Structure formats: structure tokens, C-alpha cells
Amino acid sequence: MAGCLLSGLLGAGVATALPVQPSPFWHRFIHRFTGHVTDASLSQASGTTPARVIPSGPGSSPVGALPSQARPDSPVLSPAPSDFTDEDRQAELTLSTALTFMLPRTLAPHTPQELCLWGMQSLLEAVPPLQAHDTAPSASFTFTLQPKTFFTPARLTILYNHQPLLSERTPGRDDVTGWSHLSLRLITLLHRNVPRFQLMSDETLLNHFLNGMLGKLDPYSRYQSPTPPASHSDSVTPDSSPATAPASVGLTLRRTHARFPVVAALNLNSPLWDAGIAPGDSLVRLDRHSAHQLPLATLQSMLTGQAGSQIELEFHTQDGRQITRTFTRGRMEEESVFPDSTGRYPVLRVTHFSSHTAEEISQYLSTLLPDTSPDNGGLPLPSTPASSAAPALPGLILDLRGNHGGILQQAVMTAALFLNHGVIATTEGRAAEANHVWSIQGGDLTNNAPLALLVDQDTGSAAEVLAAALADQQRAVVTGSSSFGKGMVQVSTIMPNGGHLSLTWARLAAPQGWTLQGLGVLPQLCTSPKGQFTLHAQLAALREGHSLMTEALQKSRLIHEDSPDSARHALRQVCPPSSPNQDDMAAILALFASPQAYHTALLHLPDSSSAAHQTAASAP
């Protein structure tokens, strides 16, 4: 029978919520028949411990009395709208669609009431900053949620500068339609009656509402408003056409100490692949112009032109052949893989995981490995368990520094290029369709050649999945610093208004079961300047057959969803996140130069079977 009251004062755009003691039965009985009882009397009354209805913001402010009538100097507010405009109805439909999409998919269960109260609180905090010429008075909001009692229905009251702005019965906690309607009532009232909000459209206010709601869930869920239609001045006239990127043959050049520029990268769709051109070959002529003295920018400009136009190119390949052929320019998709080398070791720099990244890597591997078959499309033949041939590569480096992630499936497919079989990652969420075990049955195209992965503080998401998988499967040595630590997966949908909603619905786990969120991937060889161990000491220990990172690596494999943040932080401090530095490549070269050091770093992780028998209680 006893109820509870949640009140808060929101001044100058800062929203807070302060629990107030509930009034006992007789106070509510009197209130039912007299209709006037102040917050002061309610707060002085004794009662049970107040229930938590909405999480309050940081800090709290005392709540002033709810006046029974408006003050003389209070602004006169327009009456509540009897119906919505078309824009209002579109916003309400968008909000109800978002709630319907979110409710079964959030990582933890929430009600429409809880989500919408979060959105309202965030909206009242979204007061635009004062401009130099702005003379509008500061906005102050009082937010009161009166729960349902035996005699009174639940009610939401919001005051603006001590004047009632909204006072309505609240819907049931699971009523999507009711809470969507009530939320849009608040949005329209703010837009019509509060000067600071009058210049903001319904869509802008809805954006604040939804992103405030999503921000309470996790750091990665977000709502993006639809792209506004082009204005009249932006429209294309009959005498103009939209700017488009010029067509090319998908060739990127770089200068070396050699006489002619060399091929630095080829687009996956470049016609030069079919001609037998590979990174490292030299470009000698363009349309019979010598490439010797032309600036690199001029050469790249000459390679581009209108789609369908042709250009004659002459190359000297690394095996001594001369190839002259005419190529047709076309539209090229954005590359995500760029080849390089350090010493005798090839480097593939992966900037992000696009829809073609794994195919790009496979294409470059075909140019690095001599054992190819015409019947296999020119791709290297996968190794078999019985294969005893020596690796065709002395070593390979995948540079994932600065790679924020991308398409998870592409990271899984990339791992399949270097593993014969095994689990790559698992995703776990509340929705059944969010739970998935990503495993592969492929073939190591490199025949188990030494493999190192470079990571840094900005390596995240899908790139961390690849690094964790190859480390857990004892296939690659991760080198660098602790990575970003994004271990959540988002699912996206388009809203009725054309907006884009991205919701976190699953957590990522590495093959050995440990979670990436907040921890990231700890390297087996740390090059962070502030690391616990110097690079020299680590390499010396690896050459002697033991690793200084073993304890931290084993503890990191015991981190799970409920592990304290302090445990994650302590492990990250063993090799703190850092940006790329000159020791990164030098560390890998030293590692590859010593087979003993490489194998020690590779194998000083628990294998999947032993990790499964470890208990979470052993985690720091």
C-alpha cells in the first residue's frame, strides 16, 4: 500500500533524480480527497525505504515544494496538444519501433518504462548552450514520478521553471505504445513551450532521447538520424553532374632507391592481376612516357581517367620479364590490405575489415607463395596434415595497428587462411539468434610459416577477434601493446523515418572462452614503452626458453564477463596500450631470427583443453 516518490531538480540543463521517503497511508488518503500535499510534507513523513525507479544522474539536488498554483512571474505555457502533427506521429512510430526492436535483444532485460525514463532524463539534460546574443532565461526542470498505490494511479509530473509542463498517468511498465506516446508528448511540449528547445526539430529531440537511452546500455549502441534531403541549392541542374571518383586500373605506386617506381598495392579488382603483375614489379612506361623522372603524384594522376578509357603500361617484373599491355580503367572498390616488406619478410597491413578483406589477403598470398595451381585459380594450395614441406615463406607479418575492426565474418575468414580448423570466436547474447560459434574448416595457405601480428591501442573489435584467435590457437605471436578492448557485437536496423539504429546484442569471447570487452588482447611480446618488462629482457628470456609474459597471459585467459574491472585494468598495465613505435618491427625481426624465441612465445599460452579446466576463481 505504501508508495514511493522519485523527484529531482534539473537546473541549467543538468538532470538529477533524488529519492524521497514515501508518505504513509493517511497522508495518501488525505491527498486522495484534498488533492494538495506538498513535497515538503511528503519528505518529512516516515515510511518504508524508497524503491529505485530510475537511476539518478551524478549528484543530486534538494527538491523544492511542488506549488499548488503557478507563480506570478512563471511563463505561461501553451496547452497540451490535443493531437500530433505528421512529424510528431512519425517520431512516435520511430520510437515505438526502436523499443520493439530493442526489448528482446538488449544484453540485459529492460522495460519500456525504464528505457523511456532514461531517454526523458537525457532529453532534459540536452539544453543547448547559451549563445552570445541569447537572452533566454535558464531552464530548470523538476521531474517527479509518483508510483501507483491502492488509491492513486502512477503519475509522471515535470515542471518547467516551477510551472507544470507535463502531468499524466503513466502507462504500464511493459506498454510500448503507451510509453512511446508519453515520451512524444514530452518532446512536443518541450518543442512548443521551452525557448531553448524551440529551434530544435522533433528529429533532433528524438535523437537526444534515443542516444541518451542507448548510452545507458553500453558505449557502442547508437542512433543516427536520417540524412536530410538536399536543399534547393544542392540540387543537380541539367548542366551539372554529381562528382564521382575517377576510374583507374587499381595500381598504387611507391618510390624506392631503384630507377623506376614499383608496384606498392593492387586493388582486388585490378586487371593487372590477370596480366601477372605483382607488388614489387617496376613500372617503366605509361602511354610511352618514361616513368623514371615523373613525380609520383603525376604518375598516379596519369593512371586515372574516365571509366572505359584505356592506358598502355610497361612493366619489368621481379623475375626479369617485360610485360607491355593495354588496360581499361574502371571503378575500384576501396582497398583494405596494403603489402609492404621489412627485410626479407613480407608485411600485409590491414586497415579495416571490409566485405573483401579476406579475398584481398588471399590474393596477395598467391603472389608470395610459389606453389600455385592453374586449376586452383592461381591461389596457393592449402597444406594438409601430412604435408612435410618446408614453409614457402620465411615469415609473414600482419599489421593490425590502427585497425578499428569492421565485418566480423571477414576476420573469421581471414583466420581460416592461416588455420586448418578450430574455433575462432563465440558470440553470446540474450536473443537466441545472437548466440553463435564461429568455427572454420579450412587450410593454412602458408604451410605453417612463422606468423606475427602487430597490434596497438587502436586495434579493436574484429581485428582483436583475429589476434585473439590466432594466439589462442598457438598459430601467431601477437606483438605490440594491449589492444583497445571492444568485445561487443552490434545488430543494426533501419527505422521508419530512415534513421539507423545500432544495438549491442552480444558479447565476444575468444576460443579459450575469455572475454575481450574492457581487456583487449595482451601481446606475447610487449613493445609498449611503459611495459612491465623491457623488450631486451623479454627477448633474452624467450631465447632461453621461457616467457616473462606467461603469468599475465594465463591470467588474461581466465577473465570472464563478471570479472571485476580492476582485474582487467591490472592486466592491461603489464603492457599498457600505446601507439605504434619503432620497436614494433624490430621486435618481430629479432623474434623471427631466433626459432627458439619464436616457438617459446608461441607456445607459452595454455592450449584450449587446459584452459577449459581452469576455474574462474583463479582470475585476478
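Each remark here, short or long, concerns the structure printed above.
Residues numbered from 1 in each chain as written. Predicted model: local features only at pLDDT ≥ 70, side-chain atom pairs only at ≥ 80, totals over all residues. Heavy atoms only, no water.

A. Molecular detail of the overall build of the chain. Helix and strand content of the chain: 17 helices and 22 strands. Across the 620 residues that make up the chain, the buried fraction comes to 50%. Within the chain, contacts between residues at least 6 apart in sequence are counted, and of these 69% link residues at least 24 apart. Element-wise, carbon and sulfur atoms account for 53% of the exposed surface of the chain, whose accessible area totals about 28800 Å². (Helix = DSSP H or I, 4+ residues; strand = E, 2+ residues; numbered from the N terminus. Buried < 20%, exposed > 50% of the residue type's maximum accessible area, 1.4 Å probe, protein only. Contact = heavy atoms within 4.5 Å. Areas by Shrake-Rupley, 256 points an atom, 1.4 Å probe, with all protein chains shown as cover.)

B. Looking closely at helix H14 (residues 565-572). Looking only at H14, the buried set comprises Ala567, Arg568, Leu571 and Arg572. Down the axis of H14, the sector holding all buried residues measures 130°, keeping them to one side. H14 presents Asp565 and Ser566 as exposed residues on the side facing more than 90 degrees away from its buried surface. In this structure, the buried side of H14 is in contact with helix H13 (550-556). (Arc of directions from axis to C-beta.)

C. Examining the sheet that holds strand E13 (residues 337-342) more closely. Reading across from one edge, E13-E14-E15-E18-E19-E22 is the order of the 6 strands in this open sheet, with mixed pairing throughout. With partners counted over all chains shown, the strands left at the sheet margins are E13 and strand E22 (525-526), one partner each. Note: strand E15 (residues 396-399) against strand E18 (residues 451-455), 4 bridges, orientation parallel. Its bridge partner lying in E18, Leu396 is registered against Leu451. The strands touched by helix H9 (residues 357-368) are E13, strand E14 (345-350) and E15; relative to E14, the strand with the most contacts, the crossing angle is about 165°. (Pairing = 2+ DSSP bridges. Axes fitted to C-alpha atoms, helices over the stretch in contact; angles between N-to-C directions.)

D. Quick look at the pairing of strand E5 (residues 163-169). Relative to E5, strand E4 (residues 155-160) runs antiparallel, the two sharing 6 bridges. Note on E5: the bridge partner recorded for Arg155 is Arg169. Here E4 folds back onto E5, and the loop between the two strands holds 2 residues, one of which, Asn161, carries a positive phi near 50°.

E. Region of interest: the state of the cysteines. Under the criterion given, the structure shown has 1 disulfide. Each sulfur in the disulfide pair Cys526 and Cys575 lies 2.1 Å from the other. Sign of the S-S torsion, about 90° for the bond between Cys526 and Cys575, identifies this disulfide as right-handed. Taken together, the positions of Cys526 in strand E22 and Cys575 in the loop between H14 and helix H15 (583-593) put the pair 49 residues apart, joining distant regions of the chain. Grouping residues by exposure puts Cys526 and Cys575 together as buried. (Disulfide = S-S within 2.5 Å.)

F. Region of the structure containing the pairing of E15. Of the two faces of E15, the one lined by Leu396 and Leu398 and the one lined by Ile397 and Asp399 are each fully buried. With 3 bridges connecting them, E14 and E15 associate as parallel partners. The residue of E15 that forms the bridge with Leu348 is Leu398.

G. Inspection of H9 at higher detail. Compared with the 16 Å implied by 1.5 Å per residue over 12 residues, the 17 Å span of H9 between its first and last C-alpha is a close match. Here H9 has its buried residues at Thr357, Ala358, Glu360, Ile361, Ser362, Gln363, Tyr364, Leu365 and Ser366. If you follow the buried residues of H9, they end up packed against strand E8 (262-266), E13, E14, E15 and helix H10 (408-416). (Expected span 1.5 Å × (residues − 1).)

H. Quick peek at the side chain of Asn497. Looking at the secondary structure, you find Asn497 in the loop between strand E20 (488-494) and strand E21 (500-509). Side-chain polar atoms of Asn497 contact the side chain of Tyr223, separated by 2.8 Å. Setting aside its immediate chain neighbours within four residues, Asn497 contacts Gln90, Thr94, Glu203, Leu206, Tyr223 and Pro226. (Polar contact = N/O pair within 3.5 Å; in protein donor to acceptor, adjacent residues only side chain to side chain.)

Interpretation note: all reported values are geometric properties and have no functional meaning in isolation.
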